[in-house]
Amino acid sequence: STPFNSASDAFQLHPDVRVKETADLWSLSADLHEAKGDALVAGEARLKRVRALDTSGWRKDQTAFAEFAAASVDMARGVARAFAKNKTGGGGDDAKRQLSQARMHVRGVVKIAEDKHWEEEMPEVVAELRQCAVEVASAEEEAAAAAAAT
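Keep in mind the model is a prediction, meaning the values are calculated, not measured. (Residues numbered from 1 in each chain as written. Predicted model: local features only at pLDDT ≥ 70, side-chain atom pairs only at ≥ 80, totals over all residues. Heavy atoms only, no water.)

Student: Explain the packing of aromatic side chains residue by residue, including any values.
Tutor: To describe a pair of aromatic rings, you give the distance between the ring centres and the angle between the ring planes. Applying the stated criterion across every chain, the model contains 3 aromatic pairs. With 4.0 Å between their ring centres and 5° between their planes, Trp58 and Phe68 make a pair best called stacked. Taken as a pair, Trp58 in the loop between α3 (39–53) and α4 (62–85) and Phe68 in helix α4 lie far apart in primary sequence, 10 residues in all. Accessibility assignment for this pair places Trp58 and Phe68 in one class, buried. Centroid distance Phe65 to Trp118: 5.0 Å. Interplanar angle 65°. Geometry classified as edge-to-face. Of the two residues, Phe65 is situated in helix α4 and Trp118 in the loop between α5 (92–115) and α6 (123–149); the sequence distance between them amounts to 53 residues. Grouping aromatic residues by their ring pairs yields a cluster made of Trp58, Phe65, Phe68 and Trp118. (Phe/Tyr/Trp six-rings, centres within 6.5 Å; stacked < 30°, edge-to-face > 60°. Helix = DSSP H or I, 4+ residues; strand = E, 2+ residues; numbered from the N terminus. Buried < 20%, exposed > 50% of the residue type's maximum accessible area, 1.4 Å probe, protein only.)

Have a look at this one:
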């Protein structure tokens, strides 16, 4: 194999490596910030991970789809955890909006899997996506009820 002259040469020849590494860095950042109690920054990092993987060809490749699905589940569950942790502090319309966006995103990923008939080939991945959508929808209903009570 030919050695690379620079890191940018490697990334030009293997952009999928760059996407995966960038997504992994955002995942680590999210975990760090959540551990520090900074749910807002953790949520932003999770969203950036999903956005980084959006260029991975996940709509056509099952391996990339599984990675994108895992990032999507992590992002959506992070939003639900942030809501659960801050229920007493409110959040109101912003919490409802974030939960709604997370639910719609996960359902969109499930729809792609169904359209590609990947639920037969990756039943665990699709089942986890569906379960996550249910969890986020439940948190969304809870947020709506909390907002109505105030």
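So, next bit.
Student: Give a description of α6 that names residues and reports values.
Tutor: In this model, α6 (27 residues) spans 39 Å end to end at C-alpha, consistent with the 39 Å of a helix rising 1.5 Å per residue. When α6 is considered as a whole, its buried residues turn out to be Val126, Leu129, Cys132, Ala133, Val136, Ala137, Ala139, Glu140 and Ala143. (Expected span 1.5 Å × (residues − 1).)

Student: With reference to specific residues and values, describe the side chain of Arg46.
Tutor: In this structure, Arg46 sits in helix α3. With a relative accessible area of 3%, Arg46 lands in the buried category. Beyond its immediate stretch of four places on either side in the chain, Arg46 contacts Ala30, Asp31, Glu34, Asp74, Met75, Gly78 and Arg81. (Contact = heavy atoms within 4.5 Å.)

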